[in-house]
Structures are given as structure tokens and as C-alpha cells.
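# Coordinates in review
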Amino acid sequence: MCAVRVYIYIYMYIYLISCSDKQNALKSTTIQQSGIANWTVRTHLPMDFHSKKLINDPNDVVTEFIEGLVETYPGLQYLDGFPDVKVVLRADVSGATYDKVAVISGGGSGHEPAHAGFVGEGMLTAAICGDVFASPPVDSILAGIRAVTGPSGCLLIVKNYTGDRLNFGLAAEQAKSEGYKVEMVIVGDDCALPPPRGIAGRRGLAGTILVHKIAGAAAASGLSLEEVAAEAKRASDMVGTMGVALSVCTLPGQVTPDRLGPGKMELGLGIHGEPGAAVADLQPVDIVVSHVLKQILSAETNYVPITRGSRVVLMINGLGATPLMELMIAAGKAVPGLQLEHGLAVERVYTGSFMTSLDMAGFSITVMKADQAILNRLDAPTRAPNWPVAVDGNHPPAKIPVPVPPSRSKKNDEVSSRPEQLSPLGHILEVAIEAAATAIINLKDNLNEWDSKVGDGDCGSTMSRGASAILEDMKKFYPLNDPAETVAEIGSSIRKVMGGTSGIIYDIFFKAAYAHLKANSHAGITALQWAGALEAAIAAVSKYGGAKAGYRTLLDALIPASSALKEKLASGEDPVEAFVFSAEAAVTGAESTKNMQAQAGRSSYVSADILASVADPGAMAAACWYRAGALALKSKFKG
């Protein structure tokens, strides 16, 4: 009886190949009869060019891929039968001694990581690799069966394409005639087209990967061949997939196809670059996701037995050239779509590239009906290198509140409001802050002019925004009687409105100053502690920004100021006079940047001749607010 089935498969195989040859001949005749005009149009299409690939000989891409794969993952091996036999298998399995059901799959290459990337304990035992988009030959499939199948037999999981069905089917019958126990499950999860007529059936797509995992886990648990095949068959009946593409794929060494024009997308295409169900204008991803989910879950086609209230598993599968960012966006839209629009409980989400189509841009969405038995199989451990880790049922809330600083959470009213009555120190802080901020606002145009020569021309605008926010917030929120908290609030004001490098540098500056004052304010803040806060702030900016003295930055104004302030205070100088003296050191330091070669920021790309014509705007801004604050204090105390 086995011999009869072998002859039937051989006959079908030869018949379909002959039909394919006739179709190719017909296409060739049509092209030849189409006339020279059509040829002229095609040769001038702008997208007719050979694609760029980082490969060697296009004929060797599959074997070289396999070599790289097994070098990367020590748990994998391949059969020494290149180029005809291309089989990847578990390194810890030998057919002669393996006592569990072997799970084998495969098909044409070009879908990586499928199928070889899913070989490993708990998933596939072997993967049979054909040439790119070509079903593997019978001898290669047989070699894989013989290599890993023991007394428990093997299950072949086959995507529903004619070539795969015939080649795997013929190999299965031959293996049975050799005494092997073999079962085959065919997966057809495509939901893009209306229910097909005839024998073609639905195409096998990315849902096959979920069937691999379920069957592999069942086999690893020690079930019999019949039980493993039953679980795989049940899983294949529960899954539906539909794809969307923004581009077609390019086979190695061939011309890039031109089927999709600008601003177009293709719905319901297969994984071999064949045309989809429809071409449409490109739409936002939430509209695309909603359409695809409706198609998969359509009650009219009834492809998957999923109804409201069902538990489901979701897979977002990249087709080869889609950034992970876009796949995650699609996942973020698909989950609430399934929950709110279709009333489904989404139990697991798998996002990544699982079954690709070479370099195609786009994704497919797979939805599988799940019960606890299926979830247990999906959660079971596996050593397959490309099965996603950290995806199980332990899903905490997707978002949690943003933490706030301890001071805000414990005494919010104190910290975030201006006192009704200012202490003498509060008045001093108000005068100094107002003077420093106003000076920066008045210097806005000059700073922009200087920055237009050595930067991007917005230093004045950026600093002015920060200064304006400080003046506005000081009227309502600054706890001026508490110097440390006031310094922290200045940083918060800057962070809200100042973008770019300047904003983050000043935020770091004030955070570090706050930390120093807070740690040393138990018995009141002295002039020496203010000097220490300035020194700590400079050190933090240098640490995180990388700049030092002589780099032509704001530090070339602040470092001399800090040194002068410490020196004068140590010698017993009046604190206000020491502050004014250090402000002149800041101005001198800022002006000296004309003679420096920039080693940080955008100025580092500017020639020395241009730099010599203007001081660093950031240093001039720092000297400006520092000097204005010092002079305001001097004026107040003299008054």
C-alpha cells in the first residue's frame, strides 16, 4: 500500500511541474507577443535596478546563512550535504537514540528566522531549508527525517503551498516505507482572500510559528506521535493571519520589482512576494490594524472560531524590513482593538520578526484562539534561539504613575508655593534671581547674533525662554525662604521650557547645587556653602557633559568665578565683595574664549578664524547672569 501512495505522489509531482512549465512557457510567449513598446516602457521604469545585498554568490546565500547560524548558536548543527541537502537540527538529538517525537518543519528559505531559527529543545527538532522561496527537495526532507527520528516517530508541520505539500508528502511516504512513524499537519492560516474553491486552500503564513511552538512543547512533554499531531492540528484550526506590505521583496541577485508605487500599500499578500488581495493608498497604522483584525475575525468567512469573550494570542510579525518601532506601534494598536472592538481577552502578545519575506517592508497580524492548554504550551521553556523570551502570563499593569521626588510627595504645599512673607534671605534671593534673569532676557539678541557665527543661532532665544519661565514661576511657586528648594525650583523651570543641550546642562547645574545645599543646610546656609554649591554644580556639568576648562564652554566663565570666590572667602573677604570680585573673573573668563579652540558642542566644527571673532555665547550668558546677580546684591546691601 505504501508503494502505491509513493507512485501517486510521484505522478502528482510530475504533473504539477509540467503544468508549471506550461504556464512559464505561456508567460514567455505573452511577453514576446506583447511588442517592442511594452519592452521600452519596462526598461525605463525607475525601480528596475539590481538590489544591494551584503552577500557573495546569490546561489550560496542559504548554505552561508546556515553556516553562520550554527556558528552563532552552539546548540544547532547541520547535515554535511551542501548544496543539495540543507538541514539544520538540534545538536543534542540523534535519531538512533531519541525517545521523543521529533517535530520537523521547513520550506523555502528567505523567511528567516523561520524555520531554522526555531530549532531547539521545546520547539523544532529539525528544519529543512529549500532554496530561496523554493520548496526543499524530497531527498533533503528524507535526510532530516532519518537524522532525528527515533522509535517515537516524527511530525511534519507543513505550510499550505503545493510544492511543500507534495515534497513533504512524498518524503513522508518514503520514510514510512522505510519503517518510520510519520504524521503530517498542514497549516493554512491566511485570512486575506474569500474562502477558496478547489484544492488550493489557504496559504500558510506566520501562524505556523505558533503551531511549531505548541507541537514542540507537546513533544517535549513526552506525548505520543498521535497526541502531538492532534495538538498541532487543533492549533492550526484556531489561527488566522493577514499581511500588509509597503514594498515587495527582492530576491538575491535579481532586479527590484516595481509593483507598488509611491504612497501605496498592499493588503493580503503572501510571503513569497506574490500579489495581495488589494492595493490601496497608504493609511495610518491604526486604520490598517483595525481593517486587518476585522478581516481575520470576519463572521462571513468564519476562518477562525473566535467569538466575543474568547481568549486569544496575538502575534505582530515583521516581514523583513520593518523597524521594531513600527511593529510595536502596531502591537499597541492591535491589543486595545481586540479588547474594545471585538470583546476579546488578549492573553499573550508576540512582537518581532518571525516569518519574513526577505527585505519586504510591512507586517502580518496573527490571532489564535487560546485556552489554558494552548497557553501552557506557548509558555513552556524552549531553547530555540528566535522564540521570544519574557512572554508569559505574568503581565503587570501596562503603565504606572510617574514617581515624584520625596519632598514633593511629603510636603507638596510647602515646596511648591511662594511664602506670603519673605524673610531677609528670601528678599536677597528674589533680588538676585530677578536681576540675573532680566539680564539674560536683555542680552537675547546679542547672544543669538554671536551664536549665529559659531553655532545654530538660538542661544539667546533658548536662554531667554528659561529666564522668562524663572521670573514667571518665582511669582507663584518659589519657596524663597528656603534657598535649597528655591534652587531646585529654578532647575524645574528650566527643564520645562529650555530644550537642547543648554537646557539639560543648566538642569544638571541646579540639581547638583540643590543636592549640595540640601546636605549642608542644617544650621543655615553660609557664603562658604554657596561657594561649595557652585563648585559641585560645575563638577556635575563637567562630569556629564565632558567639558573642562579651556574647552570654550560656559565652564570657562564659571570655573574662574568659583576659584575667585573660594579664594576671597578663605581670606576673610566680605561675602558680597567676594561675589562681585568673582563676577569680574567670570566676565574675563568668558571673553578669553575668543582665544580657545572649541572642543565641545557645535562650535567644535567651526574654523579657528571664525571662533576668534566672537566669544563663546554660552560662556557670555553664564557671565551675564552671574555678574547681574552679584551687582544686584551689592546694590541692595549698599542701599
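As shown above, the structure is provided for reference.
As the structure is a computational prediction, the values presented were derived from the model and not from experiment.

### Comments concerning the side chain of Ser-464
Looking at the secondary structure, you find Ser-464 in helix 15 (residues 459-474). The contact partners of Ser-464, leaving out residues within four places of it in the chain, are Ile-440, Ile-441 and Lys-444.

### A closer look at the sheet that holds strand 6 (residues 182-187)
The strand order across the open sheet formed by six strands is 1-2-4-3-5-6, and the pairing between neighbours is mixed. Looking at the sheet topology across the chains shown, the edges are occupied by strand 1 (76-78) and strand 6. Strand-to-strand twist across the sheet, computed as the mean angle between neighbouring axes with direction ignored, equals 25 degrees. In terms of strand pairing, strand 5 (residues 154-159) meets strand 6 through six bridges, oriented parallel. Across the sheet, the residue bridging to Cys-154 is Val-182, located in strand 6. Against the sheet, helix 6 (residues 207-220) makes contact with strand 3 (102-109), strand 5 and strand 6, and its axis sits at roughly 175 degrees relative to strand 5, the strand it touches most.

### Side note on the pairing of strand 8 (residues 264-267)
Regular strands show a simple pattern: their side chains alternate between the two faces of the sheet. As defined by bridge partners, strand 7 (residues 239-245) adjoins strand 8 across two bridges and the pair is classed as antiparallel. Looking at strand 8, one finds that Ala-245 is bridged to Glu-266.

### Digging into the sheet that holds strand 8
Here we have six strands laid out as an open sheet, ordered 9-8-7-12-10-11, and mixed in their pairing. Edge strands, defined here as strands with exactly one partner in the open sheet, are strand 9 (278-281) and strand 11 (345-352). Each strand of the sheet is rotated relative to its neighbour by a mean of 20 degrees, with strand direction disregarded. Taken together, the seven bridges between strand 10 (residues 311-318) and strand 12 (residues 362-369) define a ladder with antiparallel strand orientation. What sits directly across from Met-315, in strand 12, is Thr-366. Across the sheet, helix 8 (residues 285-296) lies against strand 7, strand 8 and strand 12, angled at about 40 degrees from strand 12, the strand it touches most.

### Focus on the packing of helix 16 (residues 483-497) against helix 17 (residues 500-519)
Two numbers describe how helix 16 lies on helix 17: the axes approach to 8 Å, and their chain directions differ by 165 degrees. Of the possible angle classes, the one that applies to helix 16 and helix 17 is roughly antiparallel. As for the relative orientation of helix 16 and helix 17, their crossing is left-handed in sense. Contacts between helix 16 and helix 17 pair Ala-484, Glu-485, Val-487, Ala-488, Ile-490, Gly-491, Ser-492, Ile-494 and Arg-495 from the former with Gly-503, Tyr-506, Asp-507, Phe-510, Lys-511, Ala-513, Tyr-514, Leu-517 and Lys-518 from the latter. Grouping the constituent residues of the contact of helix 16 with helix 17 by class yields 10 nonpolar, three polar and five charged.

### As for helix 7 (residues 225-236)
Along its 12 residues, helix 7 runs 16 Å from first to last C-alpha, staying within 8% of the 16 Å computed at 1.5 Å per residue. Looking at helix 7, one finds that the buried residues are Leu-225, Val-228, Ala-229, Ala-232, Ala-235 and Ser-236. Projected down its long axis, helix 7 carries its buried residues within an arc of 125 degrees, all on one side. Turning to helix 7, the residues buried within the fold contact strand 5, strand 6, helix 6, strand 7 and strand 12.

### Topic: the pattern of salt bridges
According to the stated counting rule, one finds 22 salt bridges in the structure shown. Here Asp-359 makes a salt bridge to Lys-53, at a shortest N to O gap of 3.0 Å. Residue Asp-359 is found in the loop between strand 11 and strand 12, and its partner Lys-53 is found in the loop between helix 2 (36-43) and helix 3 (61-72); the two are separated by 306 residues along the sequence. Overall, the relative accessible area of 27% leaves Lys-53 in the partly exposed class. Among the ionic contacts, a cluster of salt bridges with common partners joins Asp-190, Arg-203 and Glu-274.

### Describing the nonpolar core
Core analysis: the biggest nonpolar cluster contains 60 residues, and Tyr-506, Phe-509, Leu-554, Leu-558, Trp-625 and Tyr-626 have the highest contact counts within it. Among the elements that line this core, the one with the most residues is helix 22 (residues 617-638), at 10 residues. Setting aside chain neighbours within four positions, we find Trp-625 in contact with Ala-436, Ile-440, Tyr-506, Phe-509 and Leu-558. Ranked by size, the runner-up nonpolar core spans 51 residues in total, among them Leu-155, Val-187, Val-211 and Leu-225.

### Quick word on unusual backbone geometry
Here the amide bond leading from Phe-82 into Pro-83 is cis, since omega sits at 0 degrees, within 30 degrees of zero. Position of Pro-83 relative to the elements: it lies in the loop between strand 1 and strand 2 (87-90). Each neighbour pair has its own omega, and for Ala-114 with His-115 the value is 0 degrees, a cis peptide bond. Mapped onto the elements of the fold, His-115 is located in the loop between strand 3 and strand 4 (126-132). With phi around 60 degrees, Phe-133 is a residue other than glycine that occupies positive phi space. Mapped onto the secondary structure, Phe-133 falls in the loop between strand 4 and helix 4 (138-148).

### Some thoughts on the environment of Gly-318
Relative to the assigned elements, Gly-318 resides in strand 10. The sequence separation of Gly-318 and Met-355 amounts to 37 residues, and the corresponding C-alpha distance is 7.4 Å. Leave out the neighbours within four places in its chain, and Gly-318 touches Leu-327, Gly-352, Ser-353, Phe-354, Met-355, Thr-356, Gly-362 and Phe-363.

### Side note on the packing of aromatic side chains
All told, the structure shown has nine aromatic pairs when counted by the stated rule. Relative to Trp-387, the ring of Tyr-350 lies with its centre 5.0 Å away and its plane at 50 degrees, an arrangement referred to as tilted. Placement of Tyr-350 in strand 11 and of Trp-387 in the loop between helix 10 (372-379) and helix 11 (406-410) is noted, with a sequence separation of 37 residues between them. Trp-387 carries the same exposure label as Tyr-350, and that label is buried. Measuring from centroid to centroid gives 5.2 Å for Phe-509 and Phe-510, while their planes differ by 80 degrees, and the two rings are edge-to-face. On the basis of relative accessible area, Phe-509 is assigned to the buried category, the value being 6%. Pairwise contacts between aromatic rings join Tyr-506, Phe-509, Phe-510, Phe-579, Trp-625 and Tyr-626 into one cluster. One cation-aromatic arrangement involves Arg-202 over Tyr-303; the distance from NZ or CZ to the ring centre is 4.0 Å. Here Lys-568 stacks its cationic end above the ring of Phe-581, 4.3 Å away from the centre of that ring.

What counts, and where the lines are drawn
Residues numbered from 1 in each chain as written. Predicted model: local features only at pLDDT ≥ 70, side-chain atom pairs only at ≥ 80, totals over all residues. Heavy atoms only, no water. Helix = DSSP H or I, 4+ residues; strand = E, 2+ residues; numbered from the N terminus. Contact = heavy atoms within 4.5 Å. Pairing = 2+ DSSP bridges. Axes fitted to C-alpha atoms, helices over the stretch in contact; angles between N-to-C directions. Parallel < 35°, antiparallel > 145°, perpendicular 65-115°, else oblique. Left-handed = near helix turned anticlockwise from the far one by under 90°. Nonpolar A, V, L, I, M, F, W, Y, C, P; charged D, E, K, R; others polar. Expected span 1.5 Å × (residues − 1). Buried < 20%, exposed > 50% of the residue type's maximum accessible area, 1.4 Å probe, protein only. Arc of directions from axis to C-beta. Salt bridge = Lys/Arg side-chain N within 4 Å of Asp/Glu carboxyl O. Core = buried A, V, L, I, M, F, W, Y, C linked by side-chain atoms within 4.5 Å. Phe/Tyr/Trp six-rings, centres within 6.5 Å; stacked < 30°, edge-to-face > 60°. Lys NZ or Arg CZ within 6 Å of the ring centre and 35° of its normal.

Worth remembering: the numbers are spatial, not functional.
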